[in-house]
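Coordinates in review
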Amino acid sequence: MLRGLYTAASGMMAQQRRHDTVTNNIANLNTPGYKAMTATIRSFPEMLVSAMGGSEQNRTSPIGKLTTGVFAEESRINFGQGDLVQTNRAQDLALVADIEVAGAVFDESGKYVDEQGNVVYQPQVFFTVLAPNGERQYTRDGSFRTAPDGTLITAEGNPVLGVDGQPIVINDTWDNIAVLNDGTLYDKQLGQPIPGAQLMLTVVDNPNMLIREGYKRFRYEGPPGGIRQVQPGDRVEIRQGFLERSNADPTQSMVDLMSALRLYEANQRVIQFYDESLRLAANEIGKV
Amino acid sequence: MNNSMISSSVSMSALQKKLDLIAENVANANTTGYKRKTSVFEDILNSVQPQHEDFLQEGRSTPLGFTQGWGMRMSALLLDMSQATLMATNLPTDLAIEGKGLFEVAVPAPGGGTTPAYTRSGSFQLLPHPDGGRQLSTNTGMPVVNQDGEPIIVPDGYELRVQSDGTLVGVSEADDTIIDLGRIRVVDVRMPELLRSIGDNLYVIDDIPNRENVVVVMDELPEGTMIMQGYTEASNVSLVDELTELISVQRAYQLNARALYSADQMLGMAVRLRA
């Protein structure tokens, strides 16, 4: 039947997905540590269309390439640095990172393409938390608090892990504690680091290998060698008394929202036109 | 069905709660000893739609699966226990803590007896006690306790003096003789996020296993902390901060409303496919 009917329908579905993704970004404009998402759209594989028959038998003449649809392929996360907002709470920590990779100059989206066309992504740093299923997961949200037994937990109640892979337990008031850039907790009264208390700051070499879990946590699905503890030379800072704001951009989100809506509308109109053509074919052709 | 509608409406209700919180802070901008409340949002529940291996095409940068979020909610309510400015009232029963710590007050427990509650609001009063003398109480009549956990009784004919280290003395109105009235109890709550507000500027700590680690009765006030008689602590709400927050929350609410409206239009278009 008419191919384009299905192409237009797939277009509506893809734009709906884009709209959903943008709505979720708008919903999380005030979520600390939130990273905006983009739905990438890809067309179905191309096929070659040929005209059959014609004046000479058994001869086909190519007409051209045709794709028969479009779909939302992946939801990519933009790991760009969010703005910092001052809260003055000693347990609020914000990560500021600009990790360098030799020979790469990253653009704003954290990507570098060299002359051979190889793509390098900028590594990103995360706090390590223990998810309810016992797995290590990663977060950029540093709005921590303390459980009654002194364990440092996230706002959702998951323990924050130290370098030894154990939860960090502090039975003192946090006003006495300074957090150094490598994650060491430092007792301001004694003037020395607290033994065994250093936050595990995980560097993920290719952050695209992270899958969003929700509740501000990410799960790593890449090769095991792609994650490591932060090294002294990495450009990573912890700001105590600050939180990293969501990096979703309201202006861009509004534009994307309008564009998704209008493209959805355009596809809907195309379906209506096809419907009209089908009506003519069914009811008007051959009418006596 | 329409995921955009779900995400935006869920988020609007969370933003509404945040607006309520800002309203509460602004309403208490002049409440003695009030500590502002803050909150944190979190994104909720991501579902991953599985994709067939054929989706692993060149140019793709993420693992298989299309993740989808469902809006956000409020995840934690926190108290900002920072110091507020002290205001001179010159009333001898007005006490303020400069530095850390909270006063302890005995409030009636649900099953009889009393349970400790904590407050930074030191606008106290002396109420007549049935056994004679006057009892130091909060403005709602709850007794303030001394170092031994007992109510503070000022005998008739004596005037209450509070020294900066928390020592209480009574000065005779007739001949300036001094009697010892003990010390006012000041507790250090190590984990202020465990304080739960019960109204009237009082906080309680629910039953937790190691209470003695969390609530520490201070035998002497640490350096930099003192009790000021004749002062009260103002509210630590900063109107500028609250109103800035209000603007940002209100705009986020509007944007979500727009997204909801836009999702509704899309639904309308789907319905009108065949007019």
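What you are looking at is a predicted structure, and each value in this text was computed from that prediction instead of being measured. (Residues numbered from 1 in each chain as written. Chains lettered and ligands numbered in written order. Predicted model: local features only at pLDDT ≥ 70, side-chain atom pairs only at ≥ 80, totals over all residues. Heavy atoms only, no water.)

1. Re the overall build of chain B
For chain B, the helix and strand inventory stands at 3 helices and 20 strands. Here the C-alpha radius of gyration of chain B, 27 Å, is well above what a compact globule of 275 residues would show, namely 19 Å. With the C-alpha coordinates of chain B rotated into their principal frame, the extents come out at 95 × 40 × 35 Å. In chain B, which comprises 275 residues, the share counted as buried stands at 49%. Of the roughly 13200 Å² of accessible surface on chain B, a fraction of 53% belongs to carbon and sulfur atoms. Of the charged side chains in chain B, 20 are positive and 35 negative; the average position of the first set lies 12 Å away from that of the second. (Helix = DSSP H or I, 4+ residues; strand = E, 2+ residues; numbered from the N terminus. Rg over C-alpha atoms; globule rule 2.2 N^0.38 Å. Buried < 20%, exposed > 50% of the residue type's maximum accessible area, 1.4 Å probe, protein only. Areas by Shrake-Rupley, 256 points an atom, 1.4 Å probe, with all protein chains shown as cover. Lys, Arg positive; Asp, Glu negative; His and termini not counted. Charge placed at Lys NZ, Arg CZ, Asp CG, Glu CD.)

2. Here's the deal with the overall build of chain A
A count of helical and extended segments in chain A gives 2 helices and 21 strands. Among the 288 residues that make up chain A, the fraction classed as buried is 47%. A fraction of 64% describes how many contacts in chain A between residues 6 or more apart in sequence connect residues 24 or more apart. Just so you have it, chain A exposes about 14000 Å², and 52% of that area is on carbon and sulfur atoms. Here chain A carries 26 positive and 34 negative side-chain charges, and the mean point of each set is 7 Å from the other. (Contact = heavy atoms within 4.5 Å.)

3. Structural notes on the nonpolar core
Formed by 24 residues in total, the largest nonpolar core has its most connected members in V125, W174, L185, L199 and L201 of chain A. When contributions to this core are tallied by element, the ones reaching two or more residues are strand 6 (93–97), strand 9 (124–130), strand 13 (177–179), strand 16 (201–204) and strand 20 (236–240) of chain A. Formed by 17 residues, the second largest nonpolar core is a distinct cluster that contains L95, I97, L136 and L221 of chain B. (Core = buried A, V, L, I, M, F, W, Y, C linked by side-chain atoms within 4.5 Å.)

4. Topic: helix 2 (residues 250–284) of chain A
Helix length check: helix 2 of chain A, at 35 residues, gives a terminal C-alpha distance of 50 Å against a target of 51 Å (1.5 Å per residue), a fit within 8%. Buried residues of helix 2 of chain A: S253, M254, L257, A260, L261, Y264, N267, Q268 and I271 of chain A, and no others. The elements touched by buried residues of helix 2 of chain A are helix 1 (3–27) of chain A together with helix 3 (239–271) of chain B. At the C-terminal side of helix 2 of chain A, G286 of chain A shows a positive phi close to 75 degrees. (Expected span 1.5 Å × (residues − 1).)

5. Looking at unusual backbone geometry
With a phi close to 70 degrees, K216 of chain A is a non-glycine residue in the positive phi region. If you trace the backbone, K216 of chain A turns up in the loop between strand 17 (210–214) and strand 18 (217–220).

6. Some words on the interface of chain A and chain B
Reports often express the size of an interface as the amount of accessible area lost when the parts come together. If you look at the interface, chain A gives 61 residues, while chain B gives 61 residues. Connecting chain A to chain B are 26 residue pairs in polar contact (both at pLDDT 80 or more). Among the secondary structure elements, those contributing two or more residues to the side of chain A that touches chain B are helix 1, strand 1 (37–43), strand 4 (70–77), strand 11 (145–146), strand 17 and helix 2 of chain A. Of the residues forming the side of chain A that touches chain B, the biggest block, 11 residues, is contributed by helix 1 of chain A. Broken down by class, the residue content of the side of chain A that touches chain B amounts to 24 nonpolar, 20 polar and 17 charged. (Polar contact = N/O pair within 3.5 Å; in protein donor to acceptor, adjacent residues only side chain to side chain. Nonpolar A, V, L, I, M, F, W, Y, C, P; charged D, E, K, R; others polar.)

7. A short note on a nonpolar patch on the surface
Residue and element names in this part refer to chain B. On the surface, a cluster of nonpolar side chains totalling about 220 Å² of accessible area is made up of V26, L239 and L243. Relative to the helices and strands, V26 is located in helix 1 (residues 3–27). Taking relative accessible area as the criterion, V26 reaches 31% and is therefore assigned partly exposed. (Patch = residues over 30% accessible without salt bridge, like charges linked within 9 Å, V, L, I, M, F, W, Y side chains within 5 Å. Salt bridge = Lys/Arg side-chain N within 4 Å of Asp/Glu carboxyl O.)

8. Considering the domain arrangement of chain A
Residues and elements named next belong to chain A. Along its sequence, chain A is carved into domain 1 (2–77 + 249–287) and domain 2 (84–244). When each unit is reduced to the centre of its C-alpha atoms, the spacing between domain 1 and domain 2 is 40 Å. Facing the 9 residues of domain 1 at the interface are 10 residues of domain 2. In total, about 870 Å² of surface goes out of reach between domain 1 and domain 2, with carbon and sulfur atoms giving 51% of it. For the domain 1 face of the interface with domain 2, the top three residues by lost area are P32, K35 and I77, together amounting to 54%. Our enumeration of links across domain 1 and domain 2 arrives at 1 salt bridge. The salt bridge involving K35 is made with E244; its shortest N-O contact spans 2.6 Å. Residues belonging to the side of domain 1 that touches domain 2 are distributed by class as follows: 5 nonpolar, 2 polar and 2 charged. (Domains from an automatic or database assignment. Buried area = accessible area lost by both parts, 1.4 Å probe.)

9. Looking at the sheet that holds strand 14 (residues 184–187) of chain A
Residues and elements named next belong to chain A. The sheet built from 3 strands is open, its strands ordered 13-14-15 with antiparallel pairing. Unpaired on one side and paired on the other, strand 13 and strand 15 (192–198) mark the two borders of the sheet. Between one strand and the next, the sheet's axes are offset by a mean angle of 35 degrees, whatever the strand orientation. The pairing of strand 14 with strand 15 spans 3 bridges and is antiparallel. Counted as the bridge partner of Y186 is P193 from strand 15. (Pairing = 2+ DSSP bridges. Axes fitted to C-alpha atoms, helices over the stretch in contact; angles between N-to-C directions.)

10. Some remarks on the environment of L56 of chain B
Note on placement: L56 of chain B falls in the loop between strand 2 (47–49) and strand 3 (66–68). As a C-alpha pair, L56 of chain B and R190 of chain B span 134 residues in sequence and 52 Å in three-dimensional space.

11. Quick notes on the sheet that holds strand 14 (residues 178–183) of chain B
All names here are of chain B. Overall, antiparallel pairing links the 3 strands, which are arranged 12-13-14 in an open sheet. Looking at which strands have only one partner, the edges of the open sheet turn out to be strand 12 (158–162) and strand 14. Averaged over all adjacent pairs, the angle separating strand axes in this sheet is 25 degrees, with direction ignored.

12. Digging into the packing of aromatic side chains
In this structure the tally under the stated criterion is 7 aromatic pairs over all chains. With 5.2 Å between their ring centres and 85 degrees between their planes, F71 of chain A and F55 of chain B make a pair best called edge-to-face. Placement of the pair is F71 of chain A in strand 4 and F55 of chain B in the loop between strand 2 and strand 3, with the two residues belonging to separate chains. On the basis of relative accessibility, which here comes to 17%, the residue F71 of chain A falls in the buried class. Centroid distance F103 of chain B to F124 of chain B: 5.3 Å. Interplanar angle 75 degrees. Geometry classified as edge-to-face. One end of the pair, F103 of chain B, is in strand 7 (residues 102–108); the other, F124 of chain B, is in the loop between strand 8 (114–119) and strand 9 (125–128), with 21 residues separating them in the sequence. Neither residue differs from the other here; F103 of chain B and F124 of chain B are each classed as buried. Here R17 of chain A stacks its cationic end above the ring of F66 of chain B, 5.1 Å away from the centre of that ring. (Phe/Tyr/Trp six-rings, centres within 6.5 Å; stacked < 30°, edge-to-face > 60°. Lys NZ or Arg CZ within 6 Å of the ring centre and 35° of its normal.)

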